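Next come the chains, spelled out residue by residue.
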Amino acid sequence: MILPKVSAPNLEPSMTNIFHLYPNQSWVSLGRADPEEELSLTFALRQQNLERLSELVQAVSDPNSPQYGKYLTLENVADLVRPSPLTLHTVQKWLLAAGAQKCHSVITQDFLTCWLSIRQAELLLPGAEFHHYVGGPTETHVVRSPRPYQLPQALAPHVDFVGGLHRFPPTSSLRQRPEPQVTGTVGLHLGVTPSVIRKRYNLTSQDVGSGTSNNSQACAQFLEQYFHDSDLAQFMRLFGGNFAHQASVTRVVGQQGRGRAGIEASLDVQYLMSAGANISTWVYSSPGRHEGQEPFLQWLMLLSNESALPHVHTVSYGDEEDSLSSAYIQRVNTELMKAAARGLTLLFASGDSGAGCWSVSGRHQFRPTFPASSPYVTTVGGTSFQEPFLITNEIVDYISGGGFSNVFPRPSYQEEAVAKFLSSSPHLPPSSYFNASGRAYPDVAALSDGYWVVSNRVPIPWVSGTSASTPVFGGLLSLINEHRILSGRPPLGFLNPRLYQQHGAGLFDVTHGCHASCLDEEVEGQGFCSGPGWDPVTGWGTPNFPALLKTLLNP
């Protein structure tokens, strides 16, 4: 979209809405950016009718509603949330007056991405001061402002936030753990592979995609790393021999770079395609190669700009809630709500820091992560085998992220389950450590410990993190969607209202173990503990595929 020629706006000099950079210790400033250097900024325009959108999500996601499964198209969503003509006109005039070039919008018209020089951007957003930063495991270079920016008062009612100033790219929390010690190897497995997952979760060789439906699934990658087709092919040769599968990704959306393969990227693709075997798979690759780009924001905009999307998306990305501005977190939550209205199943990893920990006014508190804490996504925690080398019952993986949001109130669909946990758990941490009235997560879990991954043609053992459990759970939901689509039913869509109504039917309840938290005298490193039913460590539990299929197939 190119901006039309319009007269410059009469902007009042008074300013409002101050947006801050939250300090990130792992990024180092290299000094001020050249004023003539160009960067890309994303303007999130204020949307309309969000209460109505929320009501529609509830109606299409609740099995007791006559609207269940009657999802909105992207065009329906656009008609509902599109910014008002006044907002569109005001923002366009403001950007045109600042000299913004090559502006592109999305179908819903609620995001606008423009190129400006550093000089123009600093004039447009008083207070902003752009620096080059370097950081992250791959020494990534980005341009960010360490200072807060302000929006002119006339713009405040029309712009939620400006992206590309403050948030740094995420880094992977995946870990390669030391190999457990064992004596004797009769009947043992030597790490989690597709066959171990299929055996534990009761899949047969027949539990694969038919190859005849229009079913598809996707994973999204935001780290500056890539998967390699050759790694996927080798992984399937090594581990995919006993089930039908696809040997290549159907579609890559975005830039798939030529760099070395990353373990995270390899893991996502290999386990989504072996759990959701023989199902068409897309990869969203948003490495954020340009220094001003925010990869997660790019992905959200891609969702708002494509009518036909895969039904299941798995995402291993998260930030601490407290590191994000209120404007940003609320707007991203709205984007996730838009996806739910369209019948997309979004699965997010719960994180690998247990309950987390940070200090507030000298007192420790648990530290929830987002988007895991969004009420519009299904969040996946992590488990380990009770006996590391035997396919046995699962217990908590101590890294499994979980807890209670400090931003989002508890949604109605989980009211009963969470109240029951809070009233019956014998190991509840002190109430000062968490917000008992917040959205509680995760919702479900799967194995997250001891995976084999092929990366740069090398098989790597003992890879662990909820980045592993999330694509596994997503792949199994894709298999259930396959049955639903072939029998003329809509895909599952936003799963949580149904999941909680059915009290975790079709899942193995995980009842042993606690996850990590603050290392202090009061909680001594222990967060929440799992127990019967739902808990904020493993949710409702891990998939028992035949039972889950039976539970979710009808209506």
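Residues numbered from 1 in each chain as written. Predicted model: local features only at pLDDT ≥ 70, side-chain atom pairs only at ≥ 80, totals over all residues. Heavy atoms only, no water.

So, about the pattern of salt bridges. Any two side chains of opposite charge can pair, given that their charged atoms come close. Taken as a whole and judged by the stated rule, the model has 18 salt bridges. For Arg331, the salt bridge identified is with Asp160, shortest N-O distance 2.9 Å. A residue pair is termed long-range when its members are at least 10 positions apart, and Arg331 in helix α9 (residues 326-341) and Asp160 in strand β9 (residues 159-163) qualify at 171 residues. Each member of the pair Arg331 and Asp160 is classed as buried. (Salt bridge = Lys/Arg side-chain N within 4 Å of Asp/Glu carboxyl O. Helix = DSSP H or I, 4+ residues; strand = E, 2+ residues; numbered from the N terminus. Buried < 20%, exposed > 50% of the residue type's maximum accessible area, 1.4 Å probe, protein only.)

So, about the state of the cysteines. The final tally for this structure, using the stated rule, is three disulfides. Between the sulfur of Cys103 and that of Cys114 lies a disulfide, 2.0 Å long from S to S. Where Cys103 bonds to Cys114 through sulfur, the torsion about that S-S bond is close to 120°, and the disulfide is right-handed. Of this pair, Cys103 sits in strand β4 (residues 101-105) while Cys114 sits in strand β5 (residues 111-117); the two residues are 11 residues apart in sequence, bridging distant segments of the chain. Between Cys357 and Cys518 runs a disulfide, and the two sulfur atoms are separated by 2.1 Å. Given an S-S torsion of about 110°, the disulfide between Cys357 and Cys518 has right-handed geometry. Of the two residues, Cys357 sits in the loop between β16 (345-349) and β17 (358-360) while Cys518 sits in the loop between β28 (514-516) and β29 (526-529), which places them 161 residues apart along the sequence. The exposure class assigned to Cys357 is partly exposed, which follows from its relative accessible area of 28%. (Disulfide = S-S within 2.5 Å.)

Turning next to the UniProt feature "active site" (unreviewed entry) in the protein chain. When the UniProt feature table is mapped onto this chain numbering, "active site" (unreviewed entry) sits at Glu264, Asp268 and Ser467. Spanning 204 residues, the named residues form one tight spatial group whose C-alpha atoms are at most 7.2 Å apart. Examined against the element boundaries, Asp268 turns out to sit in helix α7 (residues 263-275). Overall, Asp268 belongs to the buried group, its relative accessible area being 2%. If sequence neighbours within four positions are ignored, Asp268 has contacts with Cys219, Ala220, Gln221, Ser316, Ser467 and Pro471. With respect to the helices and strands, Ser467 occurs in helix α11 (residues 466-486). Among the polar contacts listed, one links the side chain of Ser467 to the side chain of Glu264, at a separation of 2.5 Å. (UniProt positions renumbered as here; feature names shortened; annotations may be inferred. Contact = heavy atoms within 4.5 Å. Polar contact = N/O pair within 3.5 Å; in protein donor to acceptor, adjacent residues only side chain to side chain.)

With that out of the way, let us pick up the nonpolar core. In this structure, Phe43, Trp94, Leu125, Trp299 and Tyr451 are the most contacted members of the largest nonpolar core, which totals 140 residues. Examining the composition of this core, we find that eight residues originate from one element, α9, more than from any other. Ignoring sequence-local partners within four residues, the contact set of Trp299 consists of Ala220, Phe222, Tyr284, Ser286, His313, Val315, Leu346 and Phe348. (Core = buried A, V, L, I, M, F, W, Y, C linked by side-chain atoms within 4.5 Å.)

A few words now on the packing of aromatic side chains. Enumeration over the complete set of coordinates arrives at 24 aromatic pairs. Taken together, a centroid distance of 6.2 Å and an interplanar angle of 80° make the contact between Phe296 and Phe348 edge-to-face. Of the two residues, Phe296 is situated in helix α8 (residues 295-303) and Phe348 in strand β16; the sequence distance between them amounts to 52 residues. An angle of 70° between the planes, with centres 5.6 Å apart, marks the rings of Tyr500 and Trp540 as edge-to-face. Linking Tyr500 in helix α12 (residues 496-501) with Trp540 in the loop between β29 and β30 (542-543), this pair joins segments that are 40 residues apart in sequence. By relative accessible area, Trp540 is classed as buried at 9%. Here a set of aromatic residues connected by ring pairs shows up, and it is made of Phe366, Phe404, Phe421, Tyr433, Phe434, Phe528 and Trp534. Of note, Arg200 hangs over the ring of Phe508, and the distance from its end group to the ring centre comes to 4.1 Å. (Phe/Tyr/Trp six-rings, centres within 6.5 Å; stacked < 30°, edge-to-face > 60°. Lys NZ or Arg CZ within 6 Å of the ring centre and 35° of its normal.)

When the UniProt feature table is mapped to this numbering, "binding site: Ca(2+)" (unreviewed entry) covers Asp509, Val510, Gly533 and Asp535. Considering the C-alpha atoms alone, the annotated residues occupy 27 residues of sequence yet fold into one spot, their largest mutual distance being 9.7 Å. Assignment of secondary structure puts Val510 in the loop between β27 (507-508) and β28. For Val510, a relative accessible area of 2% translates into the label buried. Those residues in contact with Val510 that lie beyond four places of it in its chain are Thr383, Glu394, Ile395, Val396, Ser530, Gly531, Asp535, Thr538, Gly541 and Thr542. Here Gly533 is to be found in the loop between β29 and β30. Apart from the residues within four sequence positions on either side, Gly533 is in contact with Asp509, Gly539 and Trp540.

Our focus in this paragraph is the pairing of β9. In terms of burial, β9 is a largely internal element, five of the five residues being buried. Where strand β3 (residues 38-45) meets β9, four bridges bridge the pair, whose relative direction is antiparallel. Each bridged residue has a counterpart across the sheet, and for Leu45 the counterpart in β9 is Val159. (Pairing = 2+ DSSP bridges.)

Attention shifts here to unusual backbone geometry. Between Phe370 and the following residue, Pro371, the backbone shows a cis peptide bond with an omega angle of 10°. Position of Pro371 among the secondary structure elements: in the loop between β19 (369-370) and β20 (378-385). One non-glycine residue, Lys102, adopts positive backbone phi at about 45°. Its location among the elements puts Lys102 in strand β4. Exposure remark for Lys102: the relative accessible area of 46% places this residue in the partly exposed category. Even without being a glycine, Asn278 presents a positive backbone phi close to 65°. Its location among the elements puts Asn278 in the loop between α7 and β13 (280-285).

Within the open sheet, the four strands sit side by side as β4-β5-β3-β9. Their pairing is antiparallel. The open sheet is flanked by β4 and β9, the only strands paired with a single partner. Ignoring strand direction, the axes of neighbouring strands in this sheet form an average angle of 20°. Pairing between β3 and β5: seven bridges, direction antiparallel. Bridge pairing in β5 links Phe43 to Leu112. Packing of α8 onto the sheet brings it into contact with β3, β5 and β9, and relative to β5 it is tilted by some 135°. (Axes fitted to C-alpha atoms, helices over the stretch in contact; angles between N-to-C directions.)

Pairing is antiparallel in the open sheet, where three strands are placed in the order β2-β6-β7. Looking at which strands have only one partner, the edges of the open sheet turn out to be β2 (27-32) and β7 (140-144). Between one strand axis and the next, the sheet turns by 30° as a mean value, whatever way the strands run. When strand β6 (residues 131-135) meets β7, the two strands line up antiparallel, connected through five bridges. Residue pairing for β7: Gly135 is matched across the bridge by Thr140.

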